[in-house]
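Chain residues, written in single-letter form:
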Amino acid sequence: MTTIDAPAPAVAGPTTLTFAKAINQALRDAMTADDDVLVFGEDVGTLGGVFRVTDGLTRDFGEDRCFDTPLAESGIVGFAIGLCYTGFRPVVEMQFDAFAYPAFEQIASHVAKMHNRTGGKVTLPMVIRVPYAGGIGGVEHHCDSSEGYYAHTPGLKVYTPATPQDAYWMLREAIADPDPVIFMEPKALYWSKAEVDTSSPVEPVGRAAVRRPGKEVTLISYGPSVPLALKAADAAEQEGWDVEVIDLRSIVPLDDETVLASVRRTGRCVVVSEAQGFAGVAGELASRISERCFHSLEAPVLRVSGLPTPYPAPMLEHTYLPGVDRILDAIDRLQFDDQPDTTFSEGARG
Amino acid sequence: MRDTLHETSVEALLPSPRPVQLLDPTGAPVEQSGTRRPYAMPSADRLQDVWRHMVLGRRFDLQATALTKQGRLAVYPSSRGQEACQVGAIRSLTARDWVFPTYRESMALVTRGIDPAEVLALLRGSAHCGYDPLAQRTAAQCTPLATQLVHAAGTAYGLKRRGEDCVALGFIGDGATSEGDFHEALNFAAVFDAPAIFFVQNNKYAISVPLSKQTKAPSLAYKAIGYGVACEQVDGNDPAAVMAVMDAALDHCRSGRGPFLIEAHTYRLDAHTNADDASRYRSGDEVTAWLERDPIARLEAYLRASGLLNDDQANAVRQEAEALATDLRDRMNTDPEVDPMSLFDNVFASPTPQVAEARAMVEAEMHAEMQAAEEVTR
Ligand SMILES: Cc1ncc(C[n+]2csc(CCOP(=O)(O)OP(=O)(O)O)c2C)c(N)n1
């Protein structure tokens, strides 16, 4: 066991951090606040994780608090369940989205159901961190958008932050939550930088954020799709549309209120997700909105999503992934009554 | 490369060449020779105690099977014939140790002191788990095979981290040793030196599939060696041997030497569950042969021959067993009341708006039904 050095001092007040560093800081602060928080997984110790998210935790907190495990995902998650029985709060890392599947049995049959199976006697205050989604040119099985599997399983909370600020506070809240949380980290955003205030929480998890107010179209996004939706909204503005962008922040729980209020105001909605569209989270949103805002809708709710194919080899990922143009096309298909005679043309969208 | 290997020699891990036996099927003591460790006969009062609990356990098991015929239990996987394993293992533990049972371990849980009606909640269909796992230090009975063993490994490690001198005992059947989680659990427990005991009840069948289609290993105990886990095989119909081997395993775990695996050779006398037809895959002769190795009769013969059990004592225990069965039958005779609204109670510790919404919908449905019923009676 390494000796426990004093943990790095908590960062006070706003500071600029990458998304990955914000998660690292959240882990540090949670570990400092509560000795029962344990971080483990594959390569999370000395190496600090393949994305360096757990960088320095073993050095600063010791091998008892942040440690490498055998290479076995089901084992990692099941072991975490066992540790919960003795009062620990495990935060485990699945190295990449598609490598969490060996643990799916433990996640779906036990993590999700333990509280229910035991009549509320056992809670599993664990967090399963899943670096997910694409856009990084990863080889096969490194780019899956697996949020739908988890969101479809009652008993799991599914968070997916899109900003360093959210990454920090949502992880702190996930660790404090008595319920198990699948914490989906968009890999493509790990290196994005922004100001993070670690001294005061953002809105509680469960509230969506309006990232850009607008009056004519609601663009719903989450995780890796938030920056894309914002880009598309800017482009649409050039073309004369006033687009509101919502970042769900968590899929479970889902903030129906913010979503429905927005669509009732705008009457038009596009849901953007990197996951393939069939039977997924975007479809769920489309049907919720149709069920509840039917009379406010000027057009059907549309989805712009990944394609119904396995995530492709890197050279094709830009065809696979939803892009600004597909979103603009969808906005076109919302059939505005007063279609302005705008300048946008096929060519302008490449 | 040397530093990547551990000091333990393979010899120190190996099981005895033959299953450890202290009493032969007639109840005569067996001279110990050739076992990997010395195994001492448990004390007289422990043997009396385990015999009593086996009698109670079997009576409970028969009653549970009867309750399926009366439609009071949806399903019951019997463990008749496996008393030495389930009762012997549990009676070797302290109340502070943890237990990770499967659907088959109802008898073990009753032996643990959990109210039989609470144990049967799962199989009755009124709840997934009728008892409080934290209070009983007994995880919910687990149906997805082998998954509970990884939890046992994690809890064993947690107990060690907390400085508690306790073990986590995980039960598993022969078939489930083929599942990945069995292997992950052994490996995790070994790597973390976790005080976990993996107790394999090799009852020869996984539903209909015989052991020969499950493994080519010379014995299931051998599976431990590859993980650096010490192991033993034992006559699972010899309660004295099961307890002696449990004692060794507990001593191993409690002295910080990591996990231990026990393979108990036993037999499932009844079908997989009351819903299964065992005649489709095994012969009556086979069952008859195993009836002759009855663990209760075996220990009873020994106790009587040693002057540790007389007719009066035996009758008292059998009466106690009858009372247990009667009480259980009476308590199971009423329909359990399950509040439909409890569906929504424990999905999350802090519920989501979506669960709250579904709850409101069912509440409204029930309210409407009640009003309609009131109107009919008016
Ligand atoms: C993962 C999984 N696969 C299949 C089943 C269905 N199943 C229930 S019991 C059983 C056989 C188990 O045999 P064994 O491990 O030998 O235990 P035994 O029932 O004999 O105690 C099977 C296949 C299950 N419960 N879980």
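Residues numbered from 1 in each chain as written. Chains lettered and ligands numbered in written order. Predicted model: local features only at pLDDT ≥ 70, side-chain atom pairs only at ≥ 80, totals over all residues. Heavy atoms only, no water.

Trainee: I'd love a proper account of the overall build of chain B, names of residues and values included.
Mentor: Broken down by element type, chain B carries 14 helices and 7 strands. Since a compact globule built from 378 residues should have a radius of gyration of about 21 Å, the 23 Å found for chain B is in line with a globular shape. Projected onto the principal axes, the alpha-carbon positions of chain B cover approximately 80 × 60 × 40 Å. Carbon and sulfur atoms form 52% of the exposed surface of chain B, whose accessible area is close to 16,200 Å². A gap of 4 Å separates the mean positions of the 37 positive and 51 negative side-chain charges of chain B. (Helix = DSSP H or I, 4+ residues; strand = E, 2+ residues; numbered from the N terminus. Rg over C-alpha atoms; globule rule 2.2 N^0.38 Å. Areas by Shrake-Rupley, 256 points an atom, 1.4 Å probe, with all protein chains shown as cover. Lys, Arg positive; Asp, Glu negative; His and termini not counted. Charge placed at Lys NZ, Arg CZ, Asp CG, Glu CD.)

Trainee: Describe the UniProt feature "domain: Dehydrogenase E1 component" (unreviewed entry) in chain B, listing the residues and the values that go with them.
Mentor: As recorded in UniProt, the feature "domain: Dehydrogenase E1 component" (unreviewed entry) lies at residues 53-337 of chain B. In the segment residues 53-337 of chain B, helix accounts for 45% and strand for 11%; the C-alpha atoms at its two ends are 31 Å apart. (UniProt positions renumbered as here; feature names shortened; annotations may be inferred.)

Trainee: Would you mind going over the interface of chain B and chain A in detail, with residue names and values included?
Mentor: A common way to express how large an interface is: the accessible area buried when the components associate. Contacts between the two partners involve 39 residues from chain B, matched on the other side by 49 residues from chain A. In this assembly, chain B and chain A are joined by 2 salt bridges. For the interface between chain B and chain A, the tally reads 22 residue pairs in polar contact (both at pLDDT 80 or more). Secondary-structure elements contributing two or more residues to the side of chain B that touches chain A are β1 (98-100), α7 (133-136), α8 (147-161), α9 (180-191) and α14 (353-377) of chain B. It is α8 of chain B that provides the largest number of residues to the side of chain B that touches chain A, a total of 10 residues. Looking at the side of chain B that touches chain A residue by residue, the class counts come to 21 nonpolar, 12 polar and 6 charged. (Contact = heavy atoms within 4.5 Å. Salt bridge = Lys/Arg side-chain N within 4 Å of Asp/Glu carboxyl O. Polar contact = N/O pair within 3.5 Å; in protein donor to acceptor, adjacent residues only side chain to side chain. Nonpolar A, V, L, I, M, F, W, Y, C, P; charged D, E, K, R; others polar.)

Trainee: Please set out unusual backbone geometry residue by residue, giving values where relevant.
Mentor: Residue and element names in this part refer to chain A. Along the chain, Val252 connects to Pro253 via a cis peptide bond; the corresponding omega equals 0 degrees. Looking at the secondary structure, you find Pro253 in the loop between β12 (250-252) and α9 (256-266). Backbone geometry at Arg249 places phi at a positive 70 degrees, although glycine is not the residue there. Relative to the assigned elements, Arg249 resides in the loop between β11 (243-247) and β12. Of the residues examined, Arg249 reaches a relative accessible area of 2% and is grouped as buried. (Buried < 20%, exposed > 50% of the residue type's maximum accessible area, 1.4 Å probe, protein only.)

Trainee: I'd love a proper account of the site of the ligand, names of residues and values included.
Mentor: Residues and elements named next belong to chain B. Close to the ligand lie 15 residues; Tyr103, Arg104, Thr143, Gly175 and Ala176 are nearest. Protein chains bury 72% of the 580 Å² of accessible surface belonging to the ligand in isolation. In the shell around the ligand, the residues fall into 7 nonpolar, 5 polar and 3 charged. (Near = heavy atom within 4 Å.)

Trainee: Go over the sheet that holds strand β13 (residues 269-276) of chain A with me, naming the residues and quoting the values.
Mentor: All names here are of chain A. If you trace the 5 strands from one edge of the open sheet to the other, you get β9-β11-β10-β13-β14, paired in mixed fashion. The sheet terminates laterally at β9 (209-212) and β14 (302-306), the two strands that pair on one side only. Along the sheet, successive strands turn relative to each other by an average axial angle of 25 degrees, direction set aside. Across 3 bridges, β9 lies against β11 in antiparallel orientation. (Pairing = 2+ DSSP bridges. Axes fitted to C-alpha atoms, helices over the stretch in contact; angles between N-to-C directions.)

Trainee: Could you give me a rundown of the packing of aromatic side chains, with the residues and numbers involved?
Mentor: Residues and elements named next belong to chain A. If you walk through the whole model with that rule in mind, you get 29 aromatic pairs over all chains. When the ring of Phe104 is compared with that of Tyr150, the centres are 6.0 Å apart and the planes differ by 50 degrees; the resulting orientation is tilted. Of the two residues, Phe104 is situated in helix α4 (residues 104-111) and Tyr150 in helix α6 (residues 147-151); the sequence distance between them amounts to 46 residues. Residue Phe104 is classed as partly exposed on the basis of its relative accessible area, which comes to 27%. (Phe/Tyr/Trp six-rings, centres within 6.5 Å; stacked < 30°, edge-to-face > 60°.)

Trainee: Account for the sheet that holds β1 of chain B, naming residues and giving values.
Mentor: Residue and element names in this part refer to chain B. Pairing is parallel in the open sheet, where 5 strands are placed in the order β1-β2-β3-β7-β6. Pairing within the sheet leaves two strands with one partner each, and these edge strands are β1 and β6 (230-235). Taken pair by pair, the neighbouring strands of this sheet meet at an average axis angle of 20 degrees, ignoring direction. Where strand β2 (residues 168-173) meets strand β3 (residues 196-202), 6 bridges bridge the pair, whose relative direction is parallel.

Trainee: I'd like to hear about the domain arrangement of chain A, residue by residue, with values.
Mentor: Residue and element names in this part refer to chain A. Taken domain by domain, chain A comprises domain 1 (14-197) and domain 2 (209-333). With centres defined by C-alpha atoms, the gap from domain 1 to domain 2 works out at 26 Å. Listed by partner, the interface residues are 26 residues for domain 1 and 19 residues for domain 2. Of the roughly 1,700 Å² buried at the junction of domain 1 and domain 2 (both faces included), carbon and sulfur atoms supply 62%. Linking domain 1 with domain 2 are 2 salt bridges. When the shortest N-O distance is used, the salt bridge between Arg211 and Asp166 registers 2.7 Å. For the side of domain 1 that touches domain 2, the secondary-structure elements that each account for two or more residues are α6, β6 (157-159) and α7 (164-176). Class assignment for the residues of the side of domain 1 that touches domain 2 results in 14 nonpolar, 8 polar and 4 charged. (Domains from an automatic or database assignment. Buried area = accessible area lost by both parts, 1.4 Å probe.)

Trainee: Tell me about the packing of helix α3 (residues 73-85) of chain A against α9 of chain B, and name the residues and values.
Mentor: The description of two helices packed together rests on the angle between their axes and the distance between the axes. Remark: α3 of chain A packs on α9 of chain B, axes separated minimally by 9 Å, with the N-to-C direction vectors making an angle of 65 degrees. For the element pair α3 of chain A / α9 of chain B, the angle class is roughly perpendicular. The two elements α3 of chain A and α9 of chain B cross, and the hand of that crossing is right-handed. Here α3 of chain A contributes Glu73, Ser74, Gly75, Ile76 and Phe79 of chain A to the contact with α9 of chain B, which in turn contributes Asp181, Glu184 and Phe188 of chain B. Of the residues that constitute the contact of α3 of chain A with α9 of chain B, the class distribution is 3 nonpolar, 2 polar and 3 charged. (Parallel < 35°, antiparallel > 145°, perpendicular 65-115°, else oblique. Left-handed = near helix turned anticlockwise from the far one by under 90°.)

Trainee: Report on the packing of helix α2 (residues 44-69) of chain B against helix α3 (residues 83-92) of chain B, specifying residues and quantitative values.
Mentor: Residue and element names in this part refer to chain B. Orientation of α2 relative to α3, taken along the N-to-C sense of each, is 130 degrees, at an axis distance of 9 Å. With respect to each other, α2 and α3 are oriented oblique. For the element pair α2 and α3, the recorded crossing hand is right-handed. Facing α2, whose interface residues are Arg46, Asp49, Val50, His53, Met54 and Arg58, α3 presents Glu83, Ala84, Val87, Gly88, Arg91 and Ser92. Here the contact of α2 with α3 is built from residues that sort into 4 nonpolar, 3 polar and 5 charged.

Trainee: Give a detailed account of the state of the cysteines, specifying residues and quantitative values.
Mentor: Residue and element names in this part refer to chain B. In this structure the tally under the stated criterion is 0 disulfides over all chains. Counting only cysteine sulfurs, Cys142 is the nearest neighbor of Cys129, a cysteine outside any disulfide, at a range of 11 Å. When its relative accessible area of 8% is taken as the criterion, Cys129 is described as buried. Distance from the sulfur of Cys231, which forms no disulfide, to the nearest cysteine sulfur (Cys253) is 13 Å. (Disulfide = S-S within 2.5 Å.)

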